[in-house]
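Residue strings, one per chain:
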Amino acid sequence: QTVRMTSMSEGHSDKRSVGFELVQSEPAVSYTSVMHLITLTAVTHSQGGPQTFVEYSSDFSTDADTEAIQDSKYKKIEFFQDLQKAVA
């Protein structure tokens, strides 16, 4: 898969984000486009030290079917599991 970074934000001291879109995929996907956004936000009131809230959202074109959206959901679950292992 080929992705293109579309945005990077460092606007607030407690929030960072990166946006990216799918440019090409082998095998080809069944929808026209998808835009992803990962946002990291500092948790200001936490117990046990600094924490970060991670949000991963996707906006699909209207021709995306339920299967494509569900597949994205499961890939995000894998992403969060891998992230959790990496920071443990």
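Anything mentioned here points back to the structure above.
Cut-offs used in this document
Residues numbered from 1 in each chain as written. Predicted model: local features only at pLDDT ≥ 70, side-chain atom pairs only at ≥ 80, totals over all residues. Heavy atoms only, no water. Helix = DSSP H or I, 4+ residues; strand = E, 2+ residues; numbered from the N terminus. Rg over C-alpha atoms; globule rule 2.2 N^0.38 Å. Buried < 20%, exposed > 50% of the residue type's maximum accessible area, 1.4 Å probe, protein only. Contact = heavy atoms within 4.5 Å. Salt bridge = Lys/Arg side-chain N within 4 Å of Asp/Glu carboxyl O. 1 Å grid on protein atoms, 1.4 Å probe; cavity = no way out; pocket = protein on both sides within 12 Å on 5 of 7 lines; lining within 4 Å. Points joined across faces, edges and corners; volume = space filled by probe spheres on them. Nonpolar A, V, L, I, M, F, W, Y, C, P; charged D, E, K, R; others polar. Phe/Tyr/Trp six-rings, centres within 6.5 Å; stacked < 30°, edge-to-face > 60°. Lys NZ or Arg CZ within 6 Å of the ring centre and 35° of its normal.

Caption draft 1: Here's a closer look at the overall build of the protein. Each helix and strand counted, the protein has one helix and four strands in total. Along the protein, helices and strands appear, N-terminal first, in the series β-β-β-β-α. In terms of overall size, the protein is more extended than a compact globule, its C-alpha atoms giving a radius of gyration of 15 Å where 88 residues would be expected to give roughly 12 Å. Counting only C-alpha atoms and orienting by the principal axes, one finds that the protein spans roughly 45 × 25 × 20 Å. A burial count over the protein gives 22% of its 88 residues as buried. A fraction of 29% describes how many contacts in the protein between residues 6 or more apart in sequence connect residues 24 or more apart.

Caption draft 2: Spatial organisation of the pattern of salt bridges. Evaluated as defined, the whole model comprises two salt bridges. Here Asp71 makes a salt bridge to Lys75, at a shortest N to O gap of 3.0 Å. Here Asp71 pairs with Lys75, and both are found in helix α1 (residues 66-87), just four residues apart, close to one helical turn. With a relative accessible area of 46%, Lys75 lands in the partly exposed category.

Caption draft 3: Summary view of the layout of surface pockets. By volume, the largest pocket is sized at about 450 Å³. Looking at the largest pocket, it is lined by 19 residues, and the ones nearest its centre are Gln1, Tyr31, Asp71, Ser72 and Lys75. Only β2 (15-24), β3 (34-43), β4 (51-60) and α1 provide two or more residues apiece to the lining of the largest pocket. The element that contributes the greatest number of residues to the lining of the largest pocket is α1, accounting for seven residues. Residue classes in the lining of the largest pocket are distributed as 10 nonpolar, four polar and five charged.

Caption draft 4: Layout of unusual backbone geometry. Of the consecutive residues Glu26 and Pro27, the connecting peptide bond is found in the cis state with omega at 0°. Following the sequence through the fold, Pro27 ends up in the loop between β2 and β3.

Caption draft 5: Seen up close, the packing of aromatic side chains. Inspection of the entire model under this criterion finds four aromatic pairs. Measuring from ring centre to ring centre gives 5.2 Å for Tyr31 and Phe60, while their planes differ by 85°; the resulting arrangement is edge-to-face. Here Tyr31, found in the loop between β2 and β3, pairs with Phe60, found in strand β4; they are 29 residues apart in sequence, far enough to count as distant. With a centroid separation of 5.2 Å and 75° between ring planes, the pair formed by Phe79 and Phe80 is classed as edge-to-face. The class of Phe80 is partly exposed, set by a relative accessible area of 30%. Linked through ring pairs, Phe20, Tyr56, Phe79 and Phe80 together constitute an aromatic cluster. Sitting above the plane of the Tyr56 ring, Lys76 keeps its charged end 5.2 Å from the centroid.

Note that all results are geometric; they support no functional claim without further evidence.
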